[in-house]
There are 2 protein chains.
Amino acid sequence: MIEEKNARHAEKMKKIKAARDRMMATKTDEKGLILVHTGTGKGKSSSGFGMILRCIAHGMPCAVVQFIKGNWITGEAEMIRNRFAEECRFFVSGEGFTWETQDRARDIAAAQAGWEIAKSQILDPEIRFVLLDEINIALRNDYLDIDDVVAFLQTRKPEMTHVCLTGRNAKPELIEAADLVTEMTLVKHPFRDGIKAQKGVEF
Amino acid sequence: MIEEKNARHAEKMKKIKAARDRMMATKTDEKGLILVHTGTGKGKSSSGFGMILRCIAHGMPCAVVQFIKGNWITGEAEMIRNRFAEECRFFVSGEGFTWETQDRARDIAAAQAGWEIAKSQILDPEIRFVLLDEINIALRNDYLDIDDVVAFLQTRKPEMTHVCLTGRNAKPELIEAADLVTEMTLVKHPFRDGIKAQKGVEF
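Residues numbered from 1 in each chain as written. Chains lettered and ligands numbered in written order. Predicted model: local features only at pLDDT ≥ 70, side-chain atom pairs only at ≥ 80, totals over all residues. Heavy atoms only, no water.

**Q** An account of the overall build of chain A is needed here, citing residue identities and associated values.
**A** In terms of helices and strands, chain A carries eight helices and six strands. From first element to last, N terminus to C terminus, chain A shows the α and β order α-β-α-β-α-β-α-α-β-α-α-β-α-β. Long-range contacts, defined as pairs at least 24 residues apart, comprise 80% of the intrachain contacts of chain A with a sequence gap of at least 6. Surface accessibility of chain A: about 8,900 Å² in total, with carbon and sulfur atoms responsible for 49%. (Helix = DSSP H or I, 4+ residues; strand = E, 2+ residues; numbered from the N terminus. Contact = heavy atoms within 4.5 Å. Areas by Shrake-Rupley, 256 points an atom, 1.4 Å probe, with all protein chains shown as cover.)

**Q** Outline the packing of aromatic side chains, listing residues and values.
**A** Residues and elements named next belong to chain A. Inspection of the entire model under this criterion finds three aromatic pairs over all chains. Plain terms: the ring middles of tryptophan 115 and phenylalanine 152 are 5.5 Å apart, the flat faces sit at 80° to each other, and that makes the pair edge-to-face. Pair noted here: tryptophan 115 is in helix α5 (residues 104–123) and phenylalanine 152 is in helix α7 (residues 146–155), with a separation of 37 residues, a long-range link. What makes tryptophan 115 buried here is its relative accessible area of 7%. (Phe/Tyr/Trp six-rings, centres within 6.5 Å; stacked < 30°, edge-to-face > 60°. Buried < 20%, exposed > 50% of the residue type's maximum accessible area, 1.4 Å probe, protein only.)

**Q** Please set out the nonpolar core residue by residue, giving values where relevant.
**A** In this structure, Ile52 and Phe129 of chain A together with Ile52 and Phe129 of chain B are the most contacted members of the largest nonpolar core, which totals 44 residues. In contact with isoleucine 52 of chain B, other than residues within four places in its own chain, are Cys62, Ala63, Val64, Ile80, Cys88, Phe129 and Leu131 of chain B. (Core = buried A, V, L, I, M, F, W, Y, C linked by side-chain atoms within 4.5 Å.)

**Q** Provide a residue-level description of the relation of the copies chain B and chain A, including the pertinent values.
**A** Structural alignment of chain B on chain A gives an RMSD of 0.0 Å, achieved by rotating through 180° and translating 0.0 Å along the axis. On this basis, the relationship between the two copies can be described by a two-fold rotation axis. By C-alpha distance to the rotation axis, the residue of chain B lying nearest is serine 47 of chain B, at 1.9 Å. Mapped onto chain A, 100% of the interface residues of chain B again fall at the interface, so both copies present the same surface. (Least-squares fit on C-alpha atoms with pLDDT ≥ 70 in both.)

**Q** I'd love a proper account of the sheet that holds strand β4 (residues 129–133) of chain B, names of residues and values included.
**A** Overall, mixed pairing links the twelve strands, which are arranged β3(A)-β2(A)-β4(A)-β5(A)-β1(A)-β6(A)-β6(B)-β1(B)-β5(B)-β4(B)-β2(B)-β3(B) in an open sheet. Because the sheet does not close on itself, it has two edges, and the strands there are β3 (88–92) of chain A together with β3 (88–92) of chain B. The mean angle between the axes of side-by-side strands here comes to 15°, regardless of whether they run parallel or antiparallel. In terms of strand pairing, strand β4 (residues 129–133) of chain A meets strand β5 (residues 162–166) of chain A through four bridges, oriented parallel. The residue bridging leucine 131 of chain A from the neighbouring strand is cysteine 164 of chain A, located in β5 of chain A. Against the sheet, α5 of chain A contacts β2 (62–66), β3, β4 and β5 of chain A, and its axis sits at roughly 165° relative to β4 of chain A. The strands that helix α2 (residues 44–57) of chain B touches are β1 (34–38), β2 (62–66), β3, β4, β5 (162–166) and β6 (180–188) of chain B; relative to β4 of chain B, the one it contacts most, it runs at about 160°. (Pairing = 2+ DSSP bridges. Axes fitted to C-alpha atoms, helices over the stretch in contact; angles between N-to-C directions.)

**Q** Provide a residue-level description of the side chain of lysine 157 of chain B, including the pertinent values.
**A** Residue and element names in this part refer to chain B. With respect to the helices, strands and loops of the structure, lysine 157 is situated in the loop between α7 (146–155) and β5. In this structure, lysine 157 is buried with no salt-bridge partner, the nearest side chain bearing the opposite charge being aspartate 179 at 6.1 Å. A polar side-chain atom of lysine 157 sits 2.7 Å from the main-chain carbonyl oxygen of threonine 161. (Lys, Arg positive; Asp, Glu negative; His and termini not counted. Salt bridge = Lys/Arg side-chain N within 4 Å of Asp/Glu carboxyl O. Polar contact = N/O pair within 3.5 Å; in protein donor to acceptor, adjacent residues only side chain to side chain.)

**Q** Give me the pattern of salt bridges: which residues, what numbers.
**A** Residues and elements named next belong to chain A. Per the stated rule, a full pass over the model turns up twelve salt bridges over all chains. When the shortest N-O distance is used, the salt bridge between glutamate 4 and arginine 8 registers 3.5 Å. A residue pair is termed a helical-turn pair when its members lie 3 or 4 positions apart in one helix, as glutamate 4 and arginine 8 do in helix α1 (residues 2–25) at four residues. Each member of the pair, glutamate 4 as well as arginine 8, is classed as exposed. As a salt-bridge pair, aspartate 142 and lysine 171 come within 3.0 Å of each other at their nearest N and O atoms.

**Q** If you had to explain the packing of helix α3 (residues 75–83) of chain A against α2 of chain B to someone new, which residues and values would you point to?
**A** Relative orientation of the contacting elements α3 of chain A and α2 of chain B amounts to 70°, with a least axis distance of 8 Å. As summarised for this structure, α3 of chain A and α2 of chain B are arranged roughly perpendicular, according to the angle between their axes. Along the contact surface, α3 of chain A presents Gly75, Glu76, Glu78, Met79 and Arg83 of chain A, while α2 of chain B presents Gly50, Leu53, Arg54, Ile56 and Ala57 of chain B. Residues that form the contact of α3 of chain A with α2 of chain B fall into these classes: four nonpolar, two polar and four charged. (Parallel < 35°, antiparallel > 145°, perpendicular 65-115°, else oblique. Nonpolar A, V, L, I, M, F, W, Y, C, P; charged D, E, K, R; others polar.)

**Q** Please give an account of the environment of serine 120 of chain A that cites residues and values.
**A** As for its position among the elements, serine 120 of chain A is in helix α5. Serine 120 of chain A gets classed as partly exposed once you look at its relative accessible area, which sits at 39%.

**Q** Requested: an account of the pairing of β4 of chain B, with residues and values cited.
**A** Residues and elements named next belong to chain B. Counting buried positions along β4 yields five of five residues, so the element is predominantly enclosed. In this sheet, β4 lies alongside β2 in parallel orientation, the contact comprising five bridges. Residue alanine 63 lies in a different strand from β4, and its bridge partner there is valine 130.

**Q** Give a description of the interface of chain B and chain A that names residues and reports values.
**A** Between chain B and chain A, the contact holds 76 residues from the first and 76 residues from the second. Roughly 7,400 Å² is buried in total at the junction of chain B and chain A, and carbon and sulfur atoms are behind 61% of that figure. Notably, a salt bridge pairs arginine 83 of chain B with glutamate 87 of chain A, separated by 3.1 Å at the nearest N-O pair. In this structure, the connection of chain B to chain A is made through six residue pairs in polar contact (both at pLDDT 80 or more). The element best represented in the side of chain B that touches chain A is helix α1 (residues 2–25) of chain B, accounting for eleven residues. Sheet topology places strand β6 (residues 180–188) of chain A next to β6 of chain B; seven bridges connect them, and they run antiparallel. Note on β6 of chain B: the bridge partner recorded for threonine 185 of chain A is glutamate 183 of chain B. (Buried area = accessible area lost by both parts, 1.4 Å probe.)

Purely geometric stuff here, so don't read any function into it on its own.
This is the structure in structure tokens:
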């Protein structure tokens, strides 16, 4: 009985493996990707920071530009600054979420300063992966011009450089231009039950 | 004109901040969470590893148990083993995705060995965050019993310990038991255009 089940399983897995091997053999191109992490769920920034870890592990120098979230330095940011100063450049633009500053002119200036830094990091031939953390919030509020950002990524980004843009409400123009888009969807959140943001999980 | 727009913006942000401050004041409890990252999109494991970074930054010791994916050591795993051996314990169970091994009995034994390790790490009072990477695949294939896993998390997990379970096709029983569930949805993927998995992004 159990031997039969295991034999059927082996047969099925063999077919899946053959199909997968055939599929993978058609995927031969390498190129730098435009990645977007959006949606209202968790994990948009933390998976961006997870990719930074991967790049460092592979010896690929990185840069992070944090938009909007400046005041609220997260655990990942602190860690990268302290432990990976050699392998990853780290820039902060902006002074916290916009409902904290209540000053639109200052937010626009901060976002634009961040975008100038972002462009120079993307153009730098040393850098292989650039994380533009929470840039979608700056784009959504029109602190940055979406057409400028998309045009730059499409025409000026070096071919092998990856750029990852995070934040909820990614603009349709950016999704259209991107190679890989993931939407993080909130299925269930403990805030609803009076649980506050937790160290290690949320920040 | 622009001053008027900025003044309206400041007024609106002030209201948002007041509402947010009121909302946050009701969130006072701390507890260890059961977190689930599921869905077919990217970022399930990498945001788990991003949380490991956060915990290390806050001085919270961690453990990772990798289910299923054993053969394919990802960049994050390599990095954690090399650079954070003091702060994060790392265990691998299983020998690669099931279509690679084609041996159901061996996969079951590996998953069960992984679960034994997972339980001892969760029970260890030193450890504050446990990542059970790709355990959902083992649960989905019934290599582990979902009722056992849920019962253990609900009755034996120390109150302040966080446990994060990743992998597509999370079982409904687990989603029901979890505090925070995020579904990563694939919006767009470059495999469709013949682009292969990229170093730093996919592994």
